[in-house]
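Descriptive structure summary
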Amino acid sequence: MQQPAKKFYTPPEALQKIAAFCTYQERTFKETEEKLRSYGLTEDEAGEIIIRLSREKLLDEERYAKSFVRGKYRLKKWGRRRILQDLKFKGISEYCIKEGMKEIDGDEYYQNLVDVLEKKDRQEKEKNPRIRRQKLQLFMTSKGYESDLIKMALEDLGKEKTDDEDE
C-alpha cells in the first residue's frame, strides 16, 4: 500500500494546526518542534511558532512536567526514578523536572508502592520465598521505585503475612 503524500503547511497554517495540537493535551517543546518540522517548516519558522505558543501559554514545559508526574504517579503508580528518566528522555529542563517532582506526596507515594507490591504479591505464583522476593523486587524496580523503599515495603509485607498466620 502506498502512503499518502506528506502535506506541507505555510507558517500561518502550521500555527493554527499546532495550536490545536497543543490545546488537545500538554506537549513538550521537543515534541512540538518535531511535529512542526514534519509540516515542512524550517528550524527558524518552527522556533518562532514555539516562542509564540509559549507566550500565549499554549506550550508550558513546567505545566507539562507537573501534569506528567501527577498522571504517572497517581494513575500508573510509577516510581520517582522511572518518572525522572522519562522526563529527561522527553527533553524537559532540569528546572521543570524539579518543579514537576514536587507534585509527589511522600505518604501517598509509599502507599502506592505498598498497593502495587501487594497486588503483584497476590498474582505471583512462585512458591520459593527467596525467588518470590527477588521477582517482586525486580518488578518494583522496573516500576521505578527506590530499592530502600522496596526493601522496607517487602519487610512490612513479610510481617503482615506472619501476623495473619498467627491468628
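Whatever comes next refers back to the structure up there.
For clarity, every value in this text was computed on a predicted model and none was experimentally measured. (Residues numbered from 1 in each chain as written. Predicted model: local features only at pLDDT ≥ 70, side-chain atom pairs only at ≥ 80, totals over all residues. Heavy atoms only, no water.)

Some words on the pattern of salt bridges
For clarity, the cut-off: By salt bridge we mean one thing: a side-chain nitrogen of Lys or Arg within 4 Å of a carboxyl oxygen of Asp or Glu.
Going through the model one piece at a time under the given rule, you end up with 10 salt bridges. Here Glu 56 and Arg 52 are joined by a salt bridge, their closest N and O atoms 2.9 Å apart.

A closer look at helix H3 (residues 43-55)
For clarity, the threshold we go by: Comment: elements are numbered from the N terminus, with helices defined as DSSP H or I runs of at least four residues and strands as E runs of at least two. What a helix should span is 1.5 Å times the count of its residues minus one. Buried, partly exposed and exposed residues are distinguished by accessible area as a fraction of the type maximum, computed with a 1.4 Å probe on protein chains only: under 20%, between the cut-offs, and over 50%, respectively. This arc describes the spread of directions from the helix axis toward the C-beta atoms.
The terminal C-alpha atoms of H3 lie 18 Å apart, and with 13 residues this matches the ideal 18 Å at 1.5 Å per residue to within 8%. Among the residues of H3, Ala 46, Ile 49, Ile 50 and Leu 53 are the ones counted as buried. For H3, the arc enclosing every buried residue in end-on projection is 100°, short of the 170-degree limit, so these residues lie on one face. In H3, the exposed residues that point more than 90 degrees away from the buried face are Asp 44, Glu 48 and Arg 55.

Points about the packing of helix H1 (residues 11-24) against H3
Rule in force here: Think of each axis as a best-fit line through the C-alpha atoms, taken over the contacting stretch in the case of a helix, with angles from 0 to 180 degrees between the N-to-C directions. Here roughly perpendicular refers to angles of 65 to 115 degrees, roughly parallel to angles under 35, roughly antiparallel to angles over 145, and oblique to all remaining angles. Helix crossings are classified by the rotation of the near helix relative to the far one: an anticlockwise turn of less than a right angle makes the crossing left-handed, while a clockwise turn makes it right-handed. By definition, residues are in contact when any of their heavy atoms lie within 4.5 Å.
Axis separation between H1 and H3 bottoms out at 11 Å; the angle between their running directions is 45°. Taken together, the axes of H1 and H3 are oblique relative to one another. The hand of the H1/H3 crossing is right-handed. Residues Pro 11, Ala 14, Leu 15, Ile 18, Ala 19 and Cys 22 of H1 lie in contact with H3, whose contacting residues are Glu 45, Ile 49, Arg 52 and Leu 53.

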